[in-house]
Amino acid sequence: MAEVSSTDDNLNTKNGNFICGVVEGFYGRPWTTEQRKDLFQKMKKWGMDSYIYAPKDDYKHRAYWRELYTVEEAEHLSGLIQAAKDQNITFYYALSPGLDITYSSTKEITALKRKLEQVSQFGCEAFSLLFDDIEPEMCEADKEVYQSFAQAQVSITNEVYQHLGQPKFVVCPTQYCSTRAVPNVTNSEYLNTLGSKLSPEINIMWTGQKVITRTLTAENIQEITEALRRPPVIWDNIHANDYDQKRVFLGPYSGRSPDLIPKLRGVVTNPNCEYGANFIAIHTLAQWSRCNIDGQRDLTLNDTVSADIKLETETEDGQMCEDIPTSLSPNMYHPRQALRNAIKEWLPEFSKHKSAWGPIAKPQPAVTVIPVPIIPSINTCMSLTSTTTTSSTVTSTVNATQLQALAEVTVNDSMVNPLPGPIMNSLVSESKVVCNESIPNPITTVSIPIPVTGIQDETRQITVLSGAIIKPKINNSNEEFINSQDREIRNGEEKAVGEKDVNAKQTMNTDRGANENDSSPSTSEPMDCNCTPNISPSHVIKSTGASNEDIAMSEISTSSGSMQVEMYDTMTDGKLEKKYGELSMDDLTLLCDLFYLPFEHGGQGLVLLQEFNWLKSNANLVMEQYQRANRETPEIQEWFARAAKFNEISEGVNKLVKNLTSCNNRELLYDLYPYVWDIRSVISLLNSYVRWLGFSKGWRETFMSGDQEPWVFRGGLTADLQRLMPVDSGNDLFVYKIPDVPTCRIFTIRPYANTDENDVMNICTRTSKDGLEDQHPYPDCLKFLHADRIVAPYLLLHPEFCLVVEDDSGIVGYACAAPDHKKFRVKQELSWIPEMCEKYPLSLINNNISKFAQESIRYFHEFKDEICINSPTHPSSMVCSLLPSVLDQSVSKCLVTALLAALRANGCFGVHATMKATDSYIHTFYGKLGFVENTQAVDGKKIMNRNF
C-alpha cells in the first residue's frame with residue numbers, strides 16, 4: 001500500500017464529494033491553538049480536507065454558546081481559520097446549543113445567528129450544529145409551535161443555513177446511531193423527519209450501529225441513507241477515549257471496508273483526547289480514504305466487511321501475524337500495513353523539541369465507574385481456543401459461556417455523560433488551555449452542606465448536580481471519609497505536585513500522620529483536570545547530576561515565572577545527554593499493540609494475556625517438579641521457557657518506558673506517559689508473580705484465581721491483565737495516582753533470595769520506628785535488633801512468602817508473610833526466640849540505649865506472655881516496608897498485590913498486620929493499601945485486616 005503523501009493524490013477528497021478529516025468533538029480538555037495548527041499541516045500532507053471545531057468543554061461552544069467572542073478570542077479563532085485555509089483545510093465551526101435552547105424563541109434564534117455571523121466575519125465558510133447528547137424533549141413553549149423535536153431542530157437549522165448564505169453545513173442529530181434510534185432506524189419518526197425536511201444540501205452525521213461501532217456495515221449505511229434521504233457523514237468514535245481515563249487507542253483505522261467510501265458523504269474521526277496520541281488514528285484514516293479509487297479490488301482478499309476488520313493475530317499460538325498479502329495493490333488497505341506506515345512517520349515526532357505544560361493530568365472528564373459483569377479470570381480479547389500445552393497433556397478449557405466473554409471487549413454503549421467540569425478556554429493562548437473557575441458552569445455541579453448524622457456539629461460538602469435530591473446516609477462506624485486532595489507529609493517536606501496548589505496532592509509511601517484516620521482506600525483514582533492558568537509552569541530541560549531518583553518539581557527564578565523540571569540525566573562538556581537509547585520502530589510497535597483498539601488488543605498484547613494465563617493455569621507443573629526424581633521433563637522445560645518469554649516482553653516494556661521518558665518531545669511524552677506507566681506497573685506485577693511461581697516450593701494444586709467480583713478495574717489490556725491476578729477484592733490495589741513528572745526509575749518485584757538478607761535487614765532498621773530510623777546511636781551488637789524482631793523470622797521460617805522490590809540502585813523495599821500466623825508463632829517460639837534471647841540478654845538494657853531499643857529487647861524475653869493474635873477470617877500475617885525515597889505510590893500496592901496473590905495461591909483469603917497504637921504513619925500506610933483497623937486494640941497494639 002502506498003504511503004500518504006499529498007492532497008493531490010487523494011482523489012476521493014480532491015473532487016469534493018467526500019469529506020475526510022477530524023472532528024474535535026470529545027469531552028474534556030480541548031486541544032490548543034498550536035496543536036490545531038500542527039494538525040492542519042499534517043492533514044494537508046496526508047490528503048485530508050476537513051476539520052470540525054466542536055470541543056464539548058470549550059468555553060463558548062456549548063456551555064456559553066450564546067456569548068460572542070472577545071477581541072482576544074476572535075484573534076485566535078481567526079488565526080485558526082486562516083491557518084486551515086493556508087493548508088486547504090475546510091474549517092467547520094460548530095455550536096452545540098441543544099442543552100438549553102428554546103427553539104421557538106425569536107431571541108434565541110437571533111442569538112444563534114449573531115454568533116455564527118461573528119464567526120463568519122472571521123473568515124469561516126463552513127458551519128455545523130450539533131444536537132447530540134441532549135434530552136430529546138421540548139419545553140412547553142416549543143410544544144405549542146412544533147409538532148415534534150425533529151421539526152424544531154429542522155426549522156432552526158434550515159433558517160440558519162439560509163441566513164448564512166447556504167454555506168457548507170453539517171448537522172449531528174440527537175439520534176446519531178442505531179441504538180439511539182426510536183424505535184429503530186427505519187421507523188424512526190425523528191430520522192425520517194430530518195431526512196424529508198432538512199435542506200438536502202446539509203450533511204448529517206452518523207456514528208454507525210452504536211456510539212462506538214466495531215464494524216461499520218454496508219447494510220447499516222444503506223438503512224440510514226434511506227431514512228435520511230442522503231448518504232451520511234460518519235462521525236467515527238473508534239479512537240475516542242473520553243469515556244475511559246484508562247484507555248488510549250493507538251491501533252490503525254479498522255473495521256470499515258474501503259468499499260463503503262462511495263456510499264458515504266465522508267468520514268471524520270473523533271479521536272483520543274490527547275492530541276499527541278492521535279498520529280496513528282489520523283494517519284491510518286488518511287490511508288484508508290485513499291483506497292478504492294480505481295474500483296479494482298480482489299474480493300477474495302477483502303470480503304463484504306473487508307480484510308481490515310479481521311484480527312491480525314490468527315496464528316494457532318496467538319503470535320502476531322505480520323504477514324501482509326503480497327498481492328495488495330497500492331490502493332488497497334490493510335490495517336497492519338497502514339500501522340507500519342504510520343509508525344514510520346510517527347517516530348521522528350518524538351525527536352522534536354517540545355515542552356509540556358503543568359503536571360501530568362489526563363484530559364478526560366471524570367466519569368463514574370460502572371460495574372460490568374465479567375467472567376472470572378477470563379480475558380475478553382483472547383482467541384476463542386482452549387489453552388493447551390504443546391508438549392504435554394495439561395489442558396485448560398473454557399466453556400461456552402466463557403467463550404462468549406472472550407469474544408469481544410465490552411464497551412458500555414449507554415455511556416454515562418461525564419460530570420461537567422470547570423469552564424475551559426482554548427482560544428486565549430497558543431499553547432495552553434486556560435481554566436477560569438470564576439465563571440460559573442451553567443450545567444455544573446454544586447456543593448451542598450449536608451449534616452452528618454451521628455456526629456455532632458459536623459457538616460460535609462457533597463457535590464451534586466443542580467436539582468438533585470440528597471438523602472443523608474448514616475455513617476457506618478468503620479467507614480472513613482477520604483479526601484483525595486489530602487497532603488502527604490514526610491520529614492516536614494511535601495512533594496510538589498498539582499497546578500493550583502503544588503502541595504495539595506498525596507504520595508502514598510511518604511505520608512506521615514497527615515491523615516491518620518484515613519484507613520479506607522479510595523474507590524477511584526482522583527481526576528485532575530489539566531486546565532492551565534496563565535502563569536502555569538512550562539516543563540523544560542534542567543541539567544542535574546546522574547541521580548536516578550524521582551526529582552520533585554523545583555522553582556527556578558526566570559523572567560516568565562516558569563517552573564523547570566529535571567528531564568535528562570547527565571551533562572558532559574556542557575551538553576545534556578540522555579541516559580537511555582532512542583525510541584525505535586519496535587518500541588512504537590509494542591506501544592501500539594499494548595493500546596490497540598476498543599474491541600481488540602494488538603498482537604503482543606494478546607501474547608502477554610495468553611502466556612500469563614497459560615503459566616498460571618499450568619503452574620501445578622512447577623509444584624510437581626519438587627516431588628519428582630526427574631525434574632527436567634519437557635512439560636517443566638516448556639513452563640520455564642514460556643516464563644522466560646513473558647519476562648522478555650516485560651523487559652521490553654521497561655525499555656520502552658525508559659526510552660520514551662528520554663525523548664525530546666515532552667508534550668507527546670506527557671500525553672502517553674500515564675498509560676505506559678500504568679500498564680508497565682501491571683505487567684511488572686504479573687512478571688513478579690510468575691517469577692514467584694517458578695521460585696516457590698509452596699504452590700498448591702488447588703491454586704485458582706477464584707470468582708472475582710464483577711468490576712471493571714481499568715479499561716483495555718491493563719484491565720484484562722489485572723483480572724488475571726488471583727486477588728478477588730484487590731481492585732483498590734490497582735488505583736493509584738499517576739506521577740506528576742515522568743521518571744525513568746523502574747522498580748522490579750521479585751522473590752527474596754538468601755543473598756538479600758542484609759539488604760532487607762538494613763531497610764527494616766531504617767524504617768523500624770513508625771517508618772523512620774531510630775536516631776539514637778546503637779552499638780554494633782544491636783545493629784539488627786529491630787530487624788531481628790520484625791522481619792527476620794519471616795526470612796528464616798517463610799522465605800517462600802518474602803518478596804523484595806529493587807531499582808537500579810538495589811533493594812528499596814520488602815513484603816513478607818506467614819500463611820498461618822498461629823503456626824508461625826509456634827515456630828518462632830521453638831526455633832527463633834531462644835536464639836534471640838541469647839543474642840540480646842536483658843543485661844544489655846541500660847540508659848545508653850533508647851527506650852525503643854529497650855522495648856525490642858524485652859519483646860524477645862516476654863514473647864511467651866504476649867497475647868496471641870488469632871483470627872479465623874484473617875489467619876495470615878505480614879509486614880511491608882519501603883525506603884522513604886520511594887515516592888511512587890504504585891510500588892507498595894504492586895508489592896502487596898504480589899504478596900497477597902502468593903498467599904491466595906496457598907489457600908489464604910485474609911491477612912492482618914500488627915503495629916503499635918502510636919504508629920500513625922504505619923497505620924496510614926496500611927490503610928491506603930486497603931487494610932481496615934480492627935475495632936479492638938490488643939495490648940497497646942493496633943491490628944489491621946484485609947481480605948483478598
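The rules behind the values
- Residues numbered from 1 in each chain as written.
- Predicted model: local features only at pLDDT ≥ 70, side-chain atom pairs only at ≥ 80, totals over all residues.
- Heavy atoms only, no water.
- Helix = DSSP H or I, 4+ residues; strand = E, 2+ residues; numbered from the N terminus.
- Buried < 20%, exposed > 50% of the residue type's maximum accessible area, 1.4 Å probe, protein only.
- Contact = heavy atoms within 4.5 Å.
- Areas by Shrake-Rupley, 256 points an atom, 1.4 Å probe, with all protein chains shown as cover.
- Pairing = 2+ DSSP bridges.
- Core = buried A, V, L, I, M, F, W, Y, C linked by side-chain atoms within 4.5 Å.
- Expected span 1.5 Å × (residues − 1).
- Axes fitted to C-alpha atoms, helices over the stretch in contact; angles between N-to-C directions.
- Phe/Tyr/Trp six-rings, centres within 6.5 Å; stacked < 30°, edge-to-face > 60°.
- Lys NZ or Arg CZ within 6 Å of the ring centre and 35° of its normal.
- Parallel < 35°, antiparallel > 145°, perpendicular 65-115°, else oblique.
- Left-handed = near helix turned anticlockwise from the far one by under 90°.
- Nonpolar A, V, L, I, M, F, W, Y, C, P; charged D, E, K, R; others polar.
- Salt bridge = Lys/Arg side-chain N within 4 Å of Asp/Glu carboxyl O.
- pLDDT = per-residue confidence, 0-100.

### Topic: the overall build of the protein chain
Okay, so step 1: When you go through the protein chain residue by residue, the secondary structure sums to 25 helices and 29 strands.
Okay, so step 2: Evaluated residue by residue, the protein chain yields a buried proportion of 59% over its 948 residues.
Okay, so step 3: A sequence separation of at least 24 residues applies to 78% of the contacts in the protein chain between residues at least 6 apart.
Okay, so step 4: Total accessible area on the protein chain is roughly 37,800 Å²; 50% of this is exposed by carbon and sulfur atoms.

### Focus on the pairing of strand E8 (residues 266–269)
Okay, so step 1: Judged by which residues are buried, E8 turns out to be covered on both faces: Gly266 and Val268 on one side and Val267 and Thr269 on the other are all buried.
Okay, so step 2: Taken together, the 4 bridges between strand E7 (residues 233–236) and E8 define a ladder with parallel strand orientation. Within the sheet, the bridge partner assigned to Trp235 lies in E8 and is Val268.

### Describing the sheet that holds strand E25 (residues 810–818)
Okay, so step 1: Strand order across the open sheet formed by 7 strands is E23-E24-E25-E26-E27-E29-E28, with mixed pairing between neighbours. The open sheet has two edge strands, strand E23 (748–751) and strand E28 (932–933), and neither has a second partner.
Okay, so step 2: Pairing analysis gives 6 bridges linking strand E24 (residues 802–807) to E25, with the strands arranged antiparallel. Bridge assignment links Asp807 to a residue of E25, and that residue is Gly810.

### Here we look at the nonpolar core
Okay, so step 1: Ranked by size, the top nonpolar core spans 232 residues in total, and within it Phe91, Tyr93, Trp346, Val791 and Tyr926 carry the most contacts.
Okay, so step 2: Per-element accounting of this core gives the leading share, 17 residues, to helix H16 (residues 666–695).
Okay, so step 3: What Val791 contacts, discounting residues up to four positions off in sequence, is Val760, Met761, Cys764, Tyr814, Cys816 and Val879.

### Some remarks on helix H2 (residues 33–46)
Okay, so step 1: End to end, H2 covers 20 Å across 14 residues, agreeing with the expected 20 Å (1.5 Å per residue, within 8%).
Okay, so step 2: By the burial criterion, the buried members of H2 are Thr33, Gln35, Arg36, Asp38, Leu39, Phe40, Lys42, Met43 and Trp46.
Okay, so step 3: One or two steps after H2, the chain reaches Gly47, where phi turns positive at roughly 85 degrees.

### What about the sheet that holds strand E4 (residues 126–130)?
Okay, so step 1: Taken in spatial order, the 8 strands of this closed barrel run E1-E2-E3-E4-E5-E6-E7-E8, and their pairing is parallel. Averaged over all adjacent pairs, the angle separating strand axes in this sheet is 25 degrees, with direction ignored.
Okay, so step 2: Inspection of the sheet shows strand E1 (residues 19–24) paired to E8 by 4 bridges, in the parallel sense. Directly across from Ile19, in E8, lies its bridge partner Gly266.

### Some remarks on the packing of aromatic side chains
Okay, so step 1: Across all of its chains, the model carries 31 aromatic pairs by this definition.
Okay, so step 2: Considering the side-chain rings of Tyr59 and Tyr64, the 5.4 Å spacing of their centres and the 65 degrees angle between planes classify their relative orientation as edge-to-face.
Okay, so step 3: On the basis of relative accessible area, Tyr64 is assigned to the buried category, the value being 16%.
Okay, so step 4: Through a chain of ring-to-ring contacts, the aromatic side chains of Phe40, Tyr51, Tyr53, Tyr69, Phe91, Tyr93 and Phe122 assemble into a single cluster.
Okay, so step 5: Seen from the ring of Tyr69, Lys115 lies directly overhead, with NZ or CZ sitting 4.9 Å from the centre.
Okay, so step 6: Positioned above the aromatic ring of Phe863 is the side chain of Arg825, whose terminal nitrogen or guanidinium carbon lies 4.0 Å from the ring centre.

### Thoughts on the packing of helix H4 (residues 106–121) against helix H6 (residues 149–163)
Okay, so step 1: Relative orientation of the contacting elements H4 and H6 amounts to 40 degrees, with a least axis distance of 11 Å. As judged from the angle between their axes, H4 and H6 are oblique. Pair H4 / H6 crosses with right-handed handedness. Residues Ile109, Leu112, Lys113, Leu116 and Glu117 of H4 lie in contact with H6, whose contacting residues are Ile156, Glu159, Val160 and His163.
Okay, so step 2: The residue inventory of the contact of H4 with H6, partitioned by class, reads 5 nonpolar, 1 polar and 3 charged.

### Considerations on the pattern of salt bridges
Okay, so step 1: A full pass over the atoms with the stated rule returns 27 salt bridges.
Okay, so step 2: A salt bridge links Arg66 to Glu108, with the shortest nitrogen-to-oxygen separation between them at 2.8 Å. With Arg66 in the loop between strand E2 (50–53) and helix H3 (71–86) and Glu108 in helix H4, this residue pair connects regions lying 42 residues apart in the sequence.
Okay, so step 3: Its salt-bridge partner being Lys352, residue Glu349 comes within 2.9 Å of it at the nearest N-O pair.
Okay, so step 4: Residue Lys352 is classed as partly exposed on the basis of its relative accessible area, which comes to 37%.
Okay, so step 5: What you see here is one network of salt bridges that share partners, running through Asp38, Lys42, Glu349 and Lys352.

### Quick notes on the side chain of Thr193
Okay, so step 1: Structurally, Thr193 is set in helix H7 (residues 189–197).
Okay, so step 2: Since its relative accessible area comes to 11%, Thr193 is described here as buried.
Okay, so step 3: Residue contacts for Thr193: discarding those within four places in its chain leaves Ala150, Gln151, Val154 and Leu198.

### Section: the confidence of the model for the protein chain
Okay, so step 1: For the protein chain, per-residue confidence averages 75 on the pLDDT scale, and residues scoring 70 or more make up 68% of the total.
Okay, so step 2: Predicted confidence is poor over residues 367–418, with pLDDT under 50, and the contacts of this stretch with residues over four places away or in other chains come to 110 contacts.

### Observations regarding the environment of Ile649
Okay, so step 1: Structurally, Ile649 can be placed in helix H15 (residues 634–661).
Okay, so step 2: Placed 38 residues apart in sequence, Ile649 and Asn687 show a C-alpha to C-alpha distance of 9.4 Å.
Okay, so step 3: Apart from residues no more than four positions distant in its own chain, Ile649 is found in contact with Val607 and Leu608.

### Some points on the environment of Val267
Okay, so step 1: Its place among the elements puts Val267 in strand E8.
Okay, so step 2: Along the sequence, Val267 and Phe18 sit 249 residues apart, while their C-alpha atoms lie 7.9 Å from each other.
Okay, so step 3: Once residues lying within four places of it in the same chain are set aside, the contact partners of Val267 are Phe18, Ile19, Cys20, Gly21, Val233, Ile234, Asp236, Tyr253, Leu285 and Trp288.

### Notes on the pairing of E24
Okay, so step 1: Within E24, 5 of the 6 residues are buried, leaving the element largely enclosed by the surrounding structure.
Okay, so step 2: Looking at chain direction, E23 and E24 are connected through 4 bridges and run antiparallel. Bridge pairing in E24 links Thr748 to Glu806.
Okay, so step 3: Hairpin connection, E24 to E25: the antiparallel pair is bridged by 2 residues.

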